[in-house]
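Architecture and fold: a report
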Amino acid sequence: GPQYDAWLGYHAALPGANDTARKAAPLWSKRVEVQEQHEVMDTALTELSQGLGKLYGVQPEMIKSQTQGSQQNERGPAIRLGTWAGSDFAANVLTDAERAAVHGEGFIIREDESQRELVIGSETPQGILYAVFHLLRELTLKQEGAEAGAAAVAVATESQPERIVINEQPVNSLRMINQWDNVDGSIERGYAGRSIFYENGEFTQDIGRIRDYARLLASTGINAVAINNVNVHRKESLFLTERYLGDVAKVAAAFRAYGIRLFLSANYASPIEVGGLQTADPLDEQVREWWSIQTAKVYAAIPDFGGYLIKADSENRPGPFTYNRDHADGANMLAEALRPFGGLVIWRCFVYNCKQDWRDRSTDRARAAYDHFKPLDGRFADNVILQIKNGPMDFQVREAVSPLFGAMEDTNQIIEFQITQEYTGQQRHLAFLVPQWKEVLDFDTYAKGKGSEIKRIADGSLYQRPYSGFAAVSNIGADACWTGHPLAQANLYGYGRLGWNPDLSAEQIADEWVRLTFGHDEQVVERITGMLLSSLDIYENYTAPLGVGWMVNPDHHYGPNVDGYEYSKWGTYHFADRYGIGVDRTVKSGTGYTSQYHPENAARYESLETCPDELILFFHHVPYTHVLHSGKTVIQHIYDTHFEGVEQAEALAETWRELEGKVDPVIYSKVAELQAEQAEHAKEWRDMINTYFYRKSGIQDEHARKIY
Ligand code: BDP
């Protein structure tokens, strides 16, 4: 059904879609020709046939021919697809220069003048698969006219329909998903049911569901996945051994069919936990040998294994610090074991002291990643990639960007986002995260002068790094709609699309997702895109103010708790007292964190005059009466945004209710229920936050609204 098909339903399930659509079927859609055999190519063919079938109501005829050299004049209407090396289709239609313009996973889709032939070409089978998904998406998006009953596809301009001409090249080479799934079937920070990978200590037998997931991911351009939690416990450490490798290989096969490489999170202390050694010291010969042998076993089972994802010396996980080694020593040791097989080490920079003393303000958690890793620039092996969270704290609704981007020109770096909504409403509240990711990606680090945006560091172009890209924590589970909140599918979709092309706008991504999922009814499109695009600001309005973050219940992180973390060891303080609030991270009088940015940004954040309002409490400790650039005092801003946020959350619920009867009834009810719940919970946030600051400050709301 529509919940499960997500954005790949091709409108087959929408009322009345098929009859009118059939008329609009392009000439070439009735026949598909291919000349080569490859697993991923086969997937592409299946997708193409299914997709066209759903879109136009007719199954295309599939022709597989081994013979090359088909002549121009013999060719009847068809889609012809193939790689440069494996077919002559592209050669017949495209010039050498056109082909040279795309490489690797990039592709070309070209319709001829007479609109009888559509050629899909790429250097790789993966490129062909991406092309097929891209084509089906475009055709679905252009079905608007067909659904409205028009005779021709909506690509028509004036009387002549437009010829399809598409060239696409993924901007980032690694486009990865991290599952935080545990082998007991639970998911760390999962809000959409149990794991689809594991149950009760074993791998699932339901490979079909994993395949369906691979399909969703590949359709947005994802090409890598780590299938277990970065917090690797004893049982998951055994994934590298005979105990589980056969199962891992089966999952790898499901992903392989969709062009996705499998990675494993590995336990840094595996040589001890699994290998029975006394140490995991990266410079110990036995330890190095253990990793080499174990890695060879992994590759024997999974020849295209991607590599290891490592969380070390973080939140009680083991790491090289135990042996007085640094993270370059640790990562390079694993890199050596992986190198013979072309494998990668993805080493996370989420390293900080989670047992710090709150009275000691010199240990600012925001500083930690930069302090640990910046001095190691240039020391990492060439198959090591550092995975850096978008911000220096931990996926808050608002925080500064990580100053590590642009600080390590001799190190491969990828950016880590969190699709799962740990701190953004846990898929009970609506929070479309793409606008946040866009802001981060468009942030100018000034690392090499103006125009050094984070997206250009993530994609490797600024420093010409060989490995680059995106990673993100998944938001899916065994839930019927995959993501708990049906509209949270837009985050998974949007992440994949941005990884492919970070220049897509949040508006375009939202519009695409809504149309692919719900069809082209203008009211539906307008309302749901509106809901998505306003959702993050609304969530920010009624939660922690002005970039200060946290204020959530400890451990599970749902719901308001202003002092929940204030007197604990995690380093996530707001320092509110009767006079003011915020963390002084200036060089002048605070932790000195601002100096981790390049001078342009350092200066902007250091000064109260130039620090942007939305981050004022992230960088400064100010009195409640401090006047923001908006003209409001901090305390009045807190009151206003919290009252407004609740009204906006109520309006979201109201907007959705207007769509009853216009969207799938199951999705309708689920979202209606969740939006009502969000509106209720927003009130709890408003009341807790406003009351807290009213009592601390003793300052009245200018509008004398009811605060407890
Ligand atoms: C935090 C989560 C924790 C993760 C950690 C991480 O609360 O569950 O293990 O990040 O990224 O956001 O390693």
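The present account deals with the structure reproduced in this document. (Residues numbered from 1 in each chain as written. Predicted model: local features only at pLDDT ≥ 70, side-chain atom pairs only at ≥ 80, totals over all residues. Heavy atoms only, no water.)

Topic: the overall build of the protein
Regarding its fold elements, the protein presents 23 helices and 20 strands. Projected onto its principal axes, the C-alpha positions of the protein cover 85 × 65 × 50 Å. Put simply, the protein has 708 residues, and 61% of those count as buried. When the accessible surface of the protein is summed, it comes to about 25,600 Å², and 49% of that surface belongs to carbon and sulfur atoms. Mean positive and mean negative side-chain charge positions of the protein (67 and 97 charges, respectively) differ by 2 Å. (Helix = DSSP H or I, 4+ residues; strand = E, 2+ residues; numbered from the N terminus. Buried < 20%, exposed > 50% of the residue type's maximum accessible area, 1.4 Å probe, protein only. Areas by Shrake-Rupley, 256 points an atom, 1.4 Å probe, with all protein chains shown as cover. Lys, Arg positive; Asp, Glu negative; His and termini not counted. Charge placed at Lys NZ, Arg CZ, Asp CG, Glu CD.)

Some words on the packing of helix H10 (residues 242-256) against helix H12 (residues 285-301)
Viewed as axis vectors pointing N to C, H10 and H12 meet at an angle of 35°, and their least axial separation amounts to 9 Å. The two elements H10 and H12 meet at a crossing, and its hand is right-handed. Counting all contacts with H10, which are made through Glu242, Leu245 and Ala249, the residues of H12 involved are Lys297, Val298 and Ala301. Looking at the contact of H10 with H12, its residues break down into four nonpolar, no polar and two charged. (Axes fitted to C-alpha atoms, helices over the stretch in contact; angles between N-to-C directions. Left-handed = near helix turned anticlockwise from the far one by under 90°. Contact = heavy atoms within 4.5 Å. Nonpolar A, V, L, I, M, F, W, Y, C, P; charged D, E, K, R; others polar.)

Considering the environment of Arg365
Relative to the helices and strands, Arg365 resides in the loop between strand E15 (344-348) and helix H14 (368-373). Relative accessible area serves as the criterion here: at 3%, Arg365 is assigned to the buried category. Separated by 42 residues in sequence, Arg365 and Ala407 have C-alpha atoms that sit 18 Å apart. Ignoring anything within four residues of it in the chain, the contact list for Arg365 reads Phe350, Tyr352, Gln356, Pro392, Met393, Asp394, Trp550, Trp570, Gly571 and Thr572. Side-chain polar atoms of Arg365 contact the backbone oxygen of Trp570, separated by 3.1 Å. (Polar contact = N/O pair within 3.5 Å; in protein donor to acceptor, adjacent residues only side chain to side chain.)

Here's the deal with the site of the ligand
Not every one of the 14 residues close to the ligand is listed here, only the nearest: Glu188, Lys311, Arg348, Asp394 and Glu422. One nitrogen or oxygen atom from the side chain of Glu188 is found 2.4 Å from an oxygen atom belonging to the ligand. Contact between the ligand and Arg189: an oxygen atom at 2.9 Å from a side-chain N or O atom of the residue. Calculation on the ligand without its partners gives an accessible area of 320 Å², and the protein chains cover 97% of this total. Broken down by class, the residue content of the shell around the ligand amounts to four nonpolar, two polar and eight charged. (Near = heavy atom within 4 Å.)

Details of the sheet that holds strand E4 (residues 107-111)
Strand order in this open sheet of six strands is E2-E1-E3-E5-E4-E8, and the pairing throughout is mixed. The open sheet has two edge strands, strand E2 (61-64) and strand E8 (165-168), and neither has a second partner. Mean inter-strand twist for the sheet, computed between neighbouring axes without regard to direction, equals 15°. Pairing of strand E1 (residues 31-34) with strand E3 (residues 78-83) involves three bridges; the strand directions are parallel. Across the sheet, Glu33 pairs through a bridge with Arg80, a residue of E3. Contacts between helix H3 (residues 39-56) and the sheet are confined to E1, E2 and E3, with E3 contributing the most and set at about 160° to the helix. Taken strand by strand, helix H6 (residues 125-141) contacts E3, E4, strand E5 (117-122) and E8, and its axis lies near 140° from that of E5. (Pairing = 2+ DSSP bridges.)

Notes on empty space enclosed by the protein
The full count for this structure, using the stated rule, is 14 cavities of 30 Å³ or more. Estimates place the volume of the largest cavity at around 120 Å³. Cys349, Phe350, Ala369, Gly391 and Pro392 are the residues nearest the centre of the largest cavity, which is lined by 13 residues in total. Within the residue set of the lining of the largest cavity, elements represented by two or more residues are H14 and strand E16 (384-389). For the lining of the largest cavity, the per-class residue count stands at nine nonpolar, two polar and two charged. In this model, the second largest cavity occupies a volume close to 90 Å³. (1 Å grid on protein atoms, 1.4 Å probe; cavity = no way out; pocket = protein on both sides within 12 Å on 5 of 7 lines; lining within 4 Å. Points joined across faces, edges and corners; volume = space filled by probe spheres on them.)

Notes on the side chain of Thr420
Note that Thr420 resides in the loop between strand E17 (412-418) and helix H15 (434-442). Take Thr420: its relative accessible area is 1%, and that puts it in the buried class. At 2.7 Å, the side chain of Thr420 forms a polar contact with the backbone oxygen of Arg189. Those residues within four positions of Thr420 in sequence are excluded, and the remaining contacts are Arg189, Gly190, Tyr191, Gln427, Val473, Ser474 and Asn475.

Some remarks on helix H17 (residues 489-500)
Over its twelve residues, H17 extends 17 Å from the first C-alpha to the last, a length consistent with the 16 Å expected when each residue adds 1.5 Å. Where H17 is concerned, the buried positions are Gln489, Ala490, Asn491, Leu492, Tyr493, Gly494, Tyr495, Gly496, Arg497, Leu498, Gly499 and Trp500. (Expected span 1.5 Å × (residues − 1).)

Observations concerning the sheet that holds E17
Within the closed barrel, the eight strands sit side by side as E9-E12-E13-E14-E15-E16-E17-E18. Their pairing is parallel. Direction aside, the axes of adjacent strands within the sheet are offset by 25° on average. Alignment of strand E13 (residues 261-265) against strand E14 (residues 307-310), held across three bridges, turns out to be parallel. Residue Phe263 lies in a different strand from E14, and its bridge partner there is Gly307. Sitting on the sheet, H15 is in contact with E17 and strand E18 (468-473), with an inclination near 155° to E17. Seen against the sheet, H17 touches strand E9 (174-178), E17 and E18 and runs at an angle of roughly 155° to E9.

A look at the pattern of salt bridges
Side chains that carry opposite charge are capable of pairing whenever their charged atoms lie near each other. Enumeration according to the criterion identifies 44 salt bridges in this entry. A salt bridge links Lys455 to Asp442; the shortest N-O distance between them is 2.9 Å. Here Asp442 lies in helix H15 and Lys455 lies in helix H16 (residues 454-458), a separation of 13 residues in the sequence. Where Arg515 meets Glu522, a salt bridge forms, and the shortest distance between an N and an O atom there is 3.5 Å. (Salt bridge = Lys/Arg side-chain N within 4 Å of Asp/Glu carboxyl O.)

A short note on the packing of aromatic side chains
Counting across every chain of the model gives 41 aromatic pairs. Centroid distance Tyr268 to Trp347: 5.9 Å. Interplanar angle 85°. Geometry classified as edge-to-face. One end of the pair, Tyr268, is in the loop between E13 and helix H11 (270-273); the other, Trp347, is in strand E15, with 79 residues separating them in the sequence. Considered together, Tyr268 and Trp347 belong to a single accessibility category, that of buried residues. Look at Tyr299 and Phe305: their rings are 5.4 Å apart centre to centre, the planes differ by 80°, and that puts the pair in the edge-to-face class. Exposure class is identical for Tyr299 and Phe305. Each is buried. Connected via pairs of aromatic rings, a cluster forms that spans Tyr4, Phe197, Tyr198, Phe203, Tyr213, Phe239, Tyr244, Phe255 and Trp482. Arg243 extends its terminal NZ or CZ atom over the ring of Tyr244, reaching a point 4.1 Å from the ring centre. Stacked on the ring of Phe618, the Lys or Arg Arg585 has its end atom at 4.4 Å from the ring centre. (Phe/Tyr/Trp six-rings, centres within 6.5 Å; stacked < 30°, edge-to-face > 60°. Lys NZ or Arg CZ within 6 Å of the ring centre and 35° of its normal.)

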